[in-house]
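Residue-level structural notes
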Amino acid sequence: MNLSTARTLKGQRRIAGKHRRSPKLQFLKGFLKHPRMVGSIIPSSGWLIDKMLGRVDWTATKLFVEYGPGVGTFTRPVLDRLSADATLITIDTNPDFTAYLKGEIDDDRLIAVTGSAADVEKIIAAHGFEKADYILSGLPFSTLPAGVGEAIGAATSRVVRPGGAFLVYQITAKARDFIVPFFERIERGFEWRNIPPATLFWAWRDEK
Ligand SMILES: C[S@@+](CC[C@H](N)C(=O)[O-])C[C@H]1O[C@@H](n2cnc3c(N)ncnc32)[C@H](O)[C@@H]1O
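Overview of the structure. Note that the structure is predicted; figures quoted are calculated from it, not measured.

With that out of the way, let us pick up the overall build of the protein. Helix and strand counts for the protein come out as 9 helices and 9 strands. In the protein, the share of contacts with a sequence separation of at least 24, taken over all contacts with a separation of at least 6, comes to 69%. With the model as given, the accessible surface of the protein reaches about 9700 Å², and the carbon-plus-sulfur share is 57%.

The subject of this paragraph is the pattern of salt bridges. Counted under the stated rule, the structure contains 11 salt bridges. Among the ionic pairs, Arg-81 bridges to Asp-50, the shortest N-O distance being 2.8 Å. Of this pair, Arg-81 sits in helix H5 (residues 75-81) while Asp-50 sits in helix H4 (residues 46-53), and the two are 31 residues apart along the sequence. Judged by its relative accessible area of 28%, Arg-81 falls in the partly exposed class.

Now for H4. Where H4 is concerned, the buried positions are Leu-48, Ile-49, Met-52 and Leu-53. Along the axis of H4, the buried residues cluster in a sector spanning 110°; they form a single face. Looking at the packing, one finds that the buried side of H4 touches strand S2 (63-67), H5, strand S6 (132-137), strand S7 (160-170), strand S8 (185-191) and strand S9 (198-204).

Glancing now at the pairing of S7. A regular strand carries its side chains on alternate faces of the sheet. Among the 11 residues in S7, 9 count as buried, and that is most of the element. With 5 bridges joining them, S6 and S7 adopt parallel strand pairing. Across the sheet, the residue bridging to Tyr-134 is Ala-165, located in S7. You can see the chain leave S6, run along helix H8 (residues 148-159) and come back into S7, and the turn it takes is right-handed. Relative to S9, S7 runs antiparallel, the two being bridged by 6 bridges. Each residue of the ladder has a partner; that of Val-168, found in S9, is Phe-201.

What follows covers the sheet that holds S2. Spatially, the 7 strands line up as an open sheet ordered S5-S3-S2-S6-S7-S9-S8, and their pairing is mixed. Each of the sheet's edge strands pairs with one partner strand only, and the pair in question is strand S5 (110-114) and S8. Recorded for the sheet is a direction-independent mean angle of 15° between the axes of neighbouring strands. Of the strands in this sheet, S2, S6, S7, S8 and S9 are in contact with H4, which crosses S9 at around 15°.

Moving on, we get to the pairing of S9. The element S9 is extensively covered by neighbouring structure, given that 7 of its 7 residues are classed as buried. Neither face of S9 is exposed, since Ala-198, Leu-200, Trp-202 and Trp-204 on one face and Thr-199, Phe-201 and Ala-203 on the opposite face are all buried. Note: S8 against S9, 7 bridges, orientation antiparallel. Opposite Glu-191, over in S9, you have Ala-198 as the bridge partner. Hairpin connection between S8 and S9: a loop of 6 residues separates the two successive antiparallel strands.

Take the nonpolar core next. Considering soluble globular proteins, one finds that nonpolar side chains tend to be buried as a cluster. Membership of the largest hydrophobic core comes to 27 residues, with the highest contact counts inside it found for Val-65, Tyr-67, Ile-89, Val-120, Ile-135, Phe-141 and Phe-166. When residues of this core are traced back to their parent elements, those giving at least two are S2, strand S3 (87-92), helix H7 (120-125), S6, H8, S7, helix H9 (176-179) and S9. Phe-64, Phe-74, Val-78 and Ala-198 belong to the second largest nonpolar core, which has 26 residues in total.

As a further point, take the environment of Ile-111. Looking at the element boundaries, Ile-111 is found in strand S5. Exposure remark for Ile-111: the relative accessible area of 22% places this residue in the partly exposed category. Note: C-alpha distance between Ile-111 and Ile-89 (22 residues apart in sequence) is 4.7 Å. The residues contacting Ile-111, other than those within four sequence positions of it, are Thr-87, Leu-88, Ile-89, Thr-90 and His-127.

What counts as what
Residue positions are given per chain, counting from 1 as you read along its sequence in written order. Reporting in this predicted model follows two pLDDT cut-offs: at least 70 for local features of residues, and 80 or more for side-chain atom pairs to be given and counted; totals over whole chains, interfaces and linings ignore these cut-offs and use all residues. The side-chain figures draw on all heavy atoms in the structure; neither hydrogens nor water molecules are used. Runs of H or I in DSSP of at least four residues are treated as helices and runs of E of at least two as strands, each being numbered from the N terminus. Every residue pair with non-hydrogen atoms within 4.5 Å of one another is taken to be in contact. Per-residue and other accessible areas follow the Shrake-Rupley method at a 1.4 Å probe size, with only the shown protein chains counted as cover for residues. Each reported salt bridge corresponds to a side-chain nitrogen of Lys or Arg within 4 Å of a carboxyl oxygen of Asp or Glu. Burial classes: relative accessible area under 20% of the type maximum marks a residue as buried, over 50% as exposed, and values in between as partly exposed (1.4 Å probe, protein chains only). When we speak of the arc, we mean the arc of directions from the helix axis to the C-beta atoms. Pairing between two strands is assigned when DSSP locates at least 2 bridges connecting them. If you view a crossover with the strands going away from you and the path from the first strand over the helix to the second runs clockwise, you call it right-handed. Between the N-to-C directions of two axes lies an angle of 0 to 180 degrees, each axis being a line fitted to C-alpha atoms and, for a helix, fitted only over the stretch in contact. Remark: nonpolar core denotes a set of buried residues (Ala, Val, Leu, Ile, Met, Phe, Trp, Tyr, Cys) joined through side-chain atoms within 4.5 Å.

Below you can see the structure in the form of structure tokens.
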């Protein structure tokens, strides 16, 4: 299904405009409150978003999961590309960000959850899913508490379906340590046009 068809079918979708709270301000507040959990002071750029999502097969995507959506810098572009009958589950440890997404994005394909990415299996199961087609991570892997990165890498590899991928962007290449042990094939990219420049990984689960 193409984008315009999806838009027509999902006429009820609305992103609040007039009274929208500034995403940049919300993000800064989140950073000031939990600097190590948020990990960055500036949301991702459009170039980074396009490069990261450019490898997704949207026609084959029924469940897309996003870890660490923050104020929705990737969430909105994911919804723009997602089919009308697909679902996006976002998982963020910060309840302020979850509340912000719920308040700002009115789209019945979006399920915004407060929780840890390490619990992805439980979280998607609670919404009737066993596998995800793609999982996107904006997590600050280099500042996560000890053991959390490994737990997230392992849980993610159990959830991504064969042929699907774990998409990871980060300002350091540290995330690689947490995906290499769990995924068969890892492709790497780099985007200068982001503050700061970011490393991208597409970690694929090969078809059996
Ligand atoms: C660098 S921000 C990413 C923001 C946004 N995705 C972007 O691209 O601009 C990292 C986010 O990860 C969240 N986070 C940190 N640890 C987490 C965990 N274990 N599970 C889920 N979210 C987590 C933070 O609350 C924050 O919203």
